[in-house]
Amino acid sequence: MAAIKIEQVFFMLTFGADANYRADLEDQETYLERESGDLVYTTSNPFMAESLMGAAAVEDLLEATALVNANPEKYLEIESMGHGQHHSVLENFVCSKWTTEQARLDNASSVYYSRKSIGFWLKNVGDDGATDAYFAFKERENVRLAEEFLRKNGVTDFVWC
């Protein structure tokens, strides 16, 4: 069997989201169809989904929900990263050697550890190069974590598209 193709952008919209700060994701689930790589969107609260997306969207979500419920072994629920995982990514970044300039490394680290807030760090680090390097690091790290999640859950033969 050939490797399944997974649309990375759409996968990462769910996986890379901060589950603790995305109320709009609470009643919606995203599943990966294990054989095709297709992403399937479901809802556990059609009333909330209808208020957010409209009746037509809910019909599609309910059809997908019934499909997943009828064949749960064919699907892998894609869980969003928790807020602690997002902090771990930033902590790994500020501990990395993203620049050779020690003063910039020290500044990025001290701004984060003074409050341990991602938003505070982004607003107060005062170094566009640091924020650019962080976003590039975060993108790579989130993909690495997504690949680890897939492999841990038995999806080993895949390619991003």
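Not measured: the values here are computed from a predicted model.

Undergrad: Tell me about the sheet that holds strand β2 (residues 28-33), and name the residues and values.
TA: Each strand in a sheet pairs with its neighbour through backbone hydrogen bonds, running either in the same direction (parallel) or in the opposite one (antiparallel). Here three strands make up an open sheet; going across it, the order is β3-β2-β4 and the pairing antiparallel. Looking at the sheet topology across the chains shown, the edges are occupied by β3 (39-43) and β4 (75-78). Adjacent strand axes in the sheet meet at a mean angle of 35° when their direction is disregarded. In terms of strand pairing, β2 meets β4 through four bridges, oriented antiparallel. Directly across from Tyr 31, in β4, lies its bridge partner Glu 77.

Undergrad: Before we move on, could you go through the packing of helix α4 (residues 83-94) against helix α5 (residues 102-115) and cite the residues and values that matter?
TA: Axis separation between α4 and α5 bottoms out at 9 Å; the angle between their running directions is 150°. Comparing the axis directions of α4 and α5 gives the class roughly antiparallel. Taken as a pair, α4 and α5 cross one another with a handedness that is left-handed. Across the interface between the two elements, His 87, Leu 90, Glu 91 and Val 94 of α4 pack against Ala 108, Ser 109, Tyr 112 and Tyr 113 of α5.

Undergrad: Break down the nonpolar core for me, with residues and values.
TA: Phe 11, Phe 15, Leu 32, Leu 90, Phe 93, Trp 121 and Leu 150 are the most contacted members of the largest nonpolar core, which has 32 residues in total. The greatest single-element share of this core, amounting to eight residues, is contributed by helix α7 (residues 128-152). In this structure, Leu 32 is in contact with Ile 4, Ile 6, Gly 37, Asp 38, Leu 39, Lys 74, Tyr 75, Leu 76, Ile 78, Leu 150 and Val 155, ignoring residues within four places of it in sequence. In this structure, Tyr 31, Val 40, Ala 64 and Val 68 belong to the second largest nonpolar core, which totals five residues.

Undergrad: Report on unusual backbone geometry, specifying residues and quantitative values.
TA: Of note, Lys 116 is a non-glycine position whose phi angle comes to about 50°, a positive value. Its place among the elements puts Lys 116 in the loop between α5 and α6 (118-124).

Undergrad: Report on helix α3 (residues 55-70), specifying residues and quantitative values.
TA: With 16 residues, α3 ought to run about 22 Å at 1.5 Å a step, and its terminal C-alpha atoms sit 23 Å apart, in line with that. Buried residues of α3: Val 58, Leu 61, Ala 64, Thr 65 and Val 68, and no others. The buried residues of α3 occupy an angular sector of 125° when projected down its axis, which confines them to one face. Counted as exposed and oriented over 90 degrees from the buried face of α3: Ala 56, Glu 59, Asp 60, Glu 63 and Ala 70. Next to the buried residues of α3 lie β2, β3, α2 (46-53) and β4.

Rules used throughout
- Residues numbered from 1 in each chain as written.
- Predicted model: local features only at pLDDT ≥ 70, side-chain atom pairs only at ≥ 80, totals over all residues.
- Heavy atoms only, no water.
- Pairing = 2+ DSSP bridges.
- Helix = DSSP H or I, 4+ residues; strand = E, 2+ residues; numbered from the N terminus.
- Axes fitted to C-alpha atoms, helices over the stretch in contact; angles between N-to-C directions.
- Parallel < 35°, antiparallel > 145°, perpendicular 65-115°, else oblique.
- Left-handed = near helix turned anticlockwise from the far one by under 90°.
- Contact = heavy atoms within 4.5 Å.
- Core = buried A, V, L, I, M, F, W, Y, C linked by side-chain atoms within 4.5 Å.
- Buried < 20%, exposed > 50% of the residue type's maximum accessible area, 1.4 Å probe, protein only.
- Expected span 1.5 Å × (residues − 1).
- Arc of directions from axis to C-beta.

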